[in-house]
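Analysis of the macromolecular model
What follows is the residue order along each chain.
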Amino acid sequence: MKYEYDNINKLNAIEVTLSMGCRVDCHYCPQSLLLHNYFSDNKNRLSMMRFHDFTKLLENVKHGGTICFSGMCEPFLNPECDDMILYAYEKGFRITLLTTLIGFNKESLEKLRHVKFDEITLHIPDKEGNSKFDITAEYLENLRAFHDTFPVTSYSCHGDIHPAVQMYLDGNGAFSNAMMNRAGNLDCGQVSNPRGEIVCMVGTIGGYGNWTPEILPDGTMLLCCMDYGMKHVLGNLLTMNVKDILEGAELRKIHEGMKEEHLEILCRKCSGAMEIQRTPAYQFKNTKERFLKDGTAEDRQKHILQLFSESKDICVFGLGKLFWDNFFSHRWNDVLGQTCFCDNAEELWGKDIFGVPCISPDELKDLKQPLVITHMANDKAVRQQLEEMGITKIVNVKKLQELF
């Protein structure tokens, strides 16, 4: 069987676990399970990622790809974390950070002050004690300084916010206090059990999209950050090339398990998995098929469905981060019927993306009755650009997600 990611030589993203054994020891993270499996065969296995090894890992990630500093342990517990973030940023990678700030200090702040993080999730103390923060004056000062310096995208708290930190938060950013079972690795919440073919709604399994494999201190590559039990060891990114890992038996087994429910894979117990027919993309596909057959659809859906039915060329415009994060993982590539891609980035013009050509905006005028699907959060500028070219059939992918 040939997979779409064949011949991919670099990854789009990795998440790094910089140390083993997190002293914050949240109920959210099954640390004992991870440590048991990591050290069971070798008590002297590398417990902290080395800076030199980190630089070698980055050679396996596409330029401009994402490096996520989070993993299965607080990243700042590795004393070289600051230098790793700075190195990756200066090499042109996107940087995301999930942190409790345990291990972060004034020196970290000065080193990282000018780093423009793509996303920051700040894990904060809860008053129930589900996370074992030591809320000292130094911690509170570091929290205040970090919060004043960097824009926090979201907060994570394993309960109600501890009153000692409430005053340091500005209320902006998404907030989550859900406790998940880490794909069945914890005894909390419900274990997901989707039937039939499933997709991962938080990452694409393969060499494209926002699939973010987990890299442990010694280079061991796991399927994702849910795999605390190390059920799916894909290889080692320090000793193997990406192509060999992607074509390896373990990843192929996962692919098969996403289609066949009788195969036991971690994804079958994960809350991030969804039956393919329940995804917005396939809801759109099924609704469109009914509409073309007998005109059946909700009134609010009919205008867009009509646009699809009368358009000979369907172009997906915008191949930025949102595209790589969602287009393949959410399976829009299966259902839109795109005849081409388009982007304002000149370096993409003339290239094929999994068999579909990417054209320049000027070439849009050569299309017949085009419908353009803008794949970006805010398409105001692109919509104006298209309308000035005389293209009026424009739909944003977010609209499709809302309607279907």
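Only a predicted model underlies this, so the values are computations on that prediction, with no experimental measurement involved.

1. Concerning the packing of helix H2 (residues 51–58) against helix H3 (residues 81–90)
Closest axis-to-axis distance for the H2/H3 pair is 10 Å, and the angle between their directions is 25 degrees. The orientation of H2 relative to H3 falls into the category roughly parallel. The handedness of the crossing between H2 and H3 comes out as right-handed. Seen from H2, the contacting residues are Phe51, Phe54, Thr55 and Leu58; seen from H3, they are Asp83, Met84, Tyr87 and Ala88. For the contact of H2 with H3, the residue count by class is six nonpolar, one polar and one charged.

2. Considering the pattern of salt bridges
A complete count under the given rule lists 19 salt bridges for this structure. Between Arg195 and Glu261 there is a salt bridge; the shortest N-O distance is 2.7 Å. Of this pair, Arg195 sits in the loop between strand E6 (174–176) and strand E7 (198–200) while Glu261 sits in the loop between helix H8 (249–259) and strand E11 (273–275), placing them 66 residues apart in sequence. The shortest N-O distance in the salt bridge between Glu250 and Lys253 comes to 4.0 Å. Of this pair, Glu250 and Lys253 both sit in helix H8, three residues apart, which is roughly one turn of the helix. When its relative accessible area of 37% is taken as the criterion, Lys253 is described as partly exposed. One continuous salt-bridge network, built from bridges that share partners, spans Glu141, Arg144 and Asp148.

3. Digging into the packing of aromatic side chains
This model, assessed by the stated rule, comprises 19 aromatic pairs. Measuring from centroid to centroid gives 5.3 Å for Phe327 and Phe328, while their planes differ by 90 degrees, and the two rings are edge-to-face. On the accessibility criterion, Phe327 (0% relative accessible area) is buried. Look at Phe327 and Phe341: their rings are 5.6 Å apart centre to centre, the planes differ by 80 degrees, and that puts the pair in the edge-to-face class. Here Phe341 lies in strand E13 (residues 340–342) and Phe327 lies in the loop between helix H11 (321–326) and helix H12 (332–335), a separation of 14 residues in the sequence. Put simply, the rings of Phe323, Trp324, Phe327, Phe328, Phe341 and Phe354 pair up and form one aromatic cluster. Geometry around Tyr38 places Arg45 over its ring, the cationic atom sitting 4.0 Å from the centre. Looking at Lys62, its charged tip hangs above the ring of Trp324, at a distance of 6.0 Å from the centre.

What counts, and where the lines are drawn
Residues numbered from 1 in each chain as written. Predicted model: local features only at pLDDT ≥ 70, side-chain atom pairs only at ≥ 80, totals over all residues. Heavy atoms only, no water. Axes fitted to C-alpha atoms, helices over the stretch in contact; angles between N-to-C directions. Helix = DSSP H or I, 4+ residues; strand = E, 2+ residues; numbered from the N terminus. Parallel < 35°, antiparallel > 145°, perpendicular 65-115°, else oblique. Left-handed = near helix turned anticlockwise from the far one by under 90°. Contact = heavy atoms within 4.5 Å. Nonpolar A, V, L, I, M, F, W, Y, C, P; charged D, E, K, R; others polar. Salt bridge = Lys/Arg side-chain N within 4 Å of Asp/Glu carboxyl O. Buried < 20%, exposed > 50% of the residue type's maximum accessible area, 1.4 Å probe, protein only. Phe/Tyr/Trp six-rings, centres within 6.5 Å; stacked < 30°, edge-to-face > 60°. Lys NZ or Arg CZ within 6 Å of the ring centre and 35° of its normal.

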